Amino acid sequence: MAAFISKTLTRNLLRRSADTTQALQLRFSSVATSAPSITVPEPQPLEKGGPSRWSKLLLFVPGVITFGLGTWQILRRKDKIDMLEYRQNRLRMDPLNCNEVSPSSENVDSLEFCRVLCRGVFDEKKSIFIGPRSRSISGVTENGYYVITPLMPLANDPKSVQAPILVNRGWVPRDWRDKSLELAAADDQPSSTAPPSQDSGKSSWWMFSSKKKVDEDQVPTVKPTEVIGVVRGSEKPSIFVPANDPNSFQWFYVDVPAIARACGLPENTLYIEGINDNVDPSNPYPVPKDTNTLVRSSVMPQDHLNYTFTWYSLSVAVTFMAFKRLQSKKSRR
């Protein structure tokens, strides 16, 4: 009887546990079906070798720079045209009296390229040679120098300059400079003439008397020189031009204060460049500058126009190359 009761209890417990497990499974399945689905995006592979935004912009930087240089050449061309017109208008004006031009730096800057008329006498012994400067003669290039000589006042001449001025007389061959240096070296040497003997008193008196008569009969006359030139200032040398060396008579560019000191003149001495369109064939040297040479510049407006075309062509070329570069990278993808 006891064994039957225990079997009945065990059978009831197993049945209840089975029902409980089945109910839990049904509850879990209903919760799982009612919960929203969550999707996790799959990671996409990064693009390899693609140019960034800044690298694309850097490809167009050379084109922008060359375009800016071409535009700058256009502005330079306009400034050069204005400068040449300014010089031409100044050269068309009537020449001023040299004594009316003040040698101050402010007046020189405002009167540059104005024509002036000067009258005096050249002091050849104080000539300064600037160079070497080349000159083309009938297709043949010859080296020479520009000679700058002080023009000194004349006594008892109201038309003469009242103060010395420096005159760039023009171009001369190399021989002129060599002869000038030889004469300067000869003047520096002491005279080797022996004094007359005291025993020949009568003879020396006669020689002195005859020399005095010759000097009275042949009074040397100084011929005045008239110069037409334009007011100029000092040159601005490039970094490739050597420095002037006055001690060794080496002058590579025009430095008006330094040249004036070398000639024993004040630093504010007026400096002009002589002009002459009609050169005397019998006395061809020095060859002064003509008006066309004074108007010309080292870089003319046509040169600036050529530079503009060159820079713009480069800008178009490098910009086209930048576009081709970007298109080739897109096609590889």
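Residues numbered from 1 in each chain as written. Predicted model: local features only at pLDDT ≥ 70, side-chain atom pairs only at ≥ 80, totals over all residues. Heavy atoms only, no water.

Before going further, it helps to spend a moment on the overall build of the protein. Along the backbone of the protein there are 9 helices and 7 strands. Going through the 333 residues of the protein one by one, you find that 24% of them count as buried. The contacts of the protein with a sequence gap of at least 6 include a subset with a gap of at least 24, amounting to 68%. Accessible area for the protein stands at about 24,400 Å²; split by element, carbon and sulfur atoms hold 58% of it. (Helix = DSSP H or I, 4+ residues; strand = E, 2+ residues; numbered from the N terminus. Buried < 20%, exposed > 50% of the residue type's maximum accessible area, 1.4 Å probe, protein only. Contact = heavy atoms within 4.5 Å. Areas by Shrake-Rupley, 256 points an atom, 1.4 Å probe, with all protein chains shown as cover.)

A few words on the pairing of strand β6 (residues 225-231). The side chains of a regular strand alternate, residue by residue, between the two faces of the sheet. Relative to β6, strand β2 (residues 115-122) is paired through 6 bridges, and the arrangement is antiparallel. Within β6, the residue paired with Leu-117 across the bridge is Ile-228. With 3 bridges connecting them, β6 and strand β7 (residues 271-274) associate as antiparallel partners. Across the sheet, the residue bridging to Gly-229 is Gly-274, located in β7. (Pairing = 2+ DSSP bridges.)

With that settled, consider a nonpolar patch on the surface. Taken together, the side chains of Leu-58, Val-61, Ile-65, Leu-69 and Trp-72 present a nonpolar region at the surface, about 470 Å² in accessible area. It is helix α3 (residues 61-92) that contributes the most residues to the nonpolar patch, 4 residues altogether. Structurally, the position occupied by Leu-69 is in helix α3. We classify Leu-69 as partly exposed; its relative accessible area is 30%. (Patch = residues over 30% accessible without salt bridge, like charges linked within 9 Å, V, L, I, M, F, W, Y side chains within 5 Å. Salt bridge = Lys/Arg side-chain N within 4 Å of Asp/Glu carboxyl O.)

Relative to the helices and strands, Gln-162 is located in the loop between β4 (140-152) and β5 (165-173). Residues within four places of Gln-162 in sequence aside, it is in contact with Asn-99 and Pro-153. A polar contact is formed between the side chain of Gln-162 and the backbone oxygen of Ser-160, at a distance of 3.3 Å. (Polar contact = N/O pair within 3.5 Å; in protein donor to acceptor, adjacent residues only side chain to side chain.)

Quick look at the nonpolar core now. Counting residues in each nonpolar core, the largest one holds 15 residues, and the members touching the most others are Ile-128, Ile-130, Ile-148, Leu-166, Val-254 and Ile-259. Of all the secondary-structure elements, those providing two or more residues to this core are β3 (128-137), β4, β5 and α7 (256-262). Sorting elements by how many residues they give to this core places α7 first, with 4 residues. Dropping the residues within four chain positions of it, Ile-148 is found in contact with Lys-126, Ser-127, Ile-128, Ile-130, Leu-166, Val-167, Asn-168, Val-254, Ile-259 and Tyr-271. Within the second largest apolar cluster, 14 residues are counted, among which are Val-161, Val-231, Leu-270 and Ile-272. (Core = buried A, V, L, I, M, F, W, Y, C linked by side-chain atoms within 4.5 Å.)

We now examine the pattern of salt bridges. Summed over the entire model, instances satisfying the criterion amount to 10 salt bridges. The salt bridge partner of Arg-232 is Glu-112, with a shortest N-O separation of 3.3 Å. Placement of Arg-232 in the loop between β6 and α7 and of Glu-112 in the loop between α4 (105-110) and β2 is noted, with a sequence separation of 120 residues between them. For Glu-112, a relative accessible area of 23% gives the class partly exposed.

Here the focus is the side chain of Thr-269. Residue position: Thr-269 is located in the loop between α7 and β7. Among the polar contacts listed, one links the side chain of Thr-269 to the backbone oxygen of Pro-266, at a separation of 2.5 Å. Once residues lying within four places of it in the same chain are set aside, the contact partners of Thr-269 are Pro-164, Ile-165, Leu-166, Val-256 and Ala-260.

Residues Gly-131 and Pro-132 are joined by a peptide bond in cis, for which omega reads 10°. Along the polypeptide, Pro-132 turns up in strand β3. Positioned with a positive phi, Asn-156 is a non-glycine residue whose angle comes to about 60°. Within the secondary structure layout, Asn-156 lies in the loop between β4 and β5. Under the relative-accessibility criterion, Asn-156 is labelled exposed at 83%.

Turning our eyes to something else, we now look at the state of the cysteines. For the structure on display, the rule yields 0 disulfides. In this structure Cys-118 is a free cysteine whose sulfur lies 3.0 Å from that of Cys-98, the closest cysteine sulfur available. Its relative accessible area of 1% is what places Cys-118 among the buried residues. (Disulfide = S-S within 2.5 Å.)

Evaluation of the coordinates by the stated rule reveals 3 aromatic pairs. The residue whose ring lies beneath Arg-169 is Phe-122, and the NZ or CZ to ring-centre distance is 4.6 Å. For Lys-289, the ring lying beneath its charged end belongs to Tyr-146, and the centroid distance is 5.0 Å. (Phe/Tyr/Trp six-rings, centres within 6.5 Å; stacked < 30°, edge-to-face > 60°. Lys NZ or Arg CZ within 6 Å of the ring centre and 35° of its normal.)

Take the side chain of Arg-90 next. With respect to the helices and strands, the residue Arg-90 is situated in helix α3. With residues up to four places along the chain from it excluded, the contact list for Arg-90 reads Ser-110, Leu-111, Glu-112, Phe-113 and Cys-114.

Residues Glu-142, Asp-175, Asp-178 and Glu-182 make up a contiguous surface patch of negative charge. It is helix α5 (residues 174-188) that provides the largest number of residues to the negative patch, a total of 3 residues. Inspection of the secondary structure assignment puts Glu-142 in strand β4. For Glu-142, a relative accessible area of 31% puts it in the partly exposed group. (Lys, Arg positive; Asp, Glu negative; His and termini not counted. Charge placed at Lys NZ, Arg CZ, Asp CG, Glu CD.)

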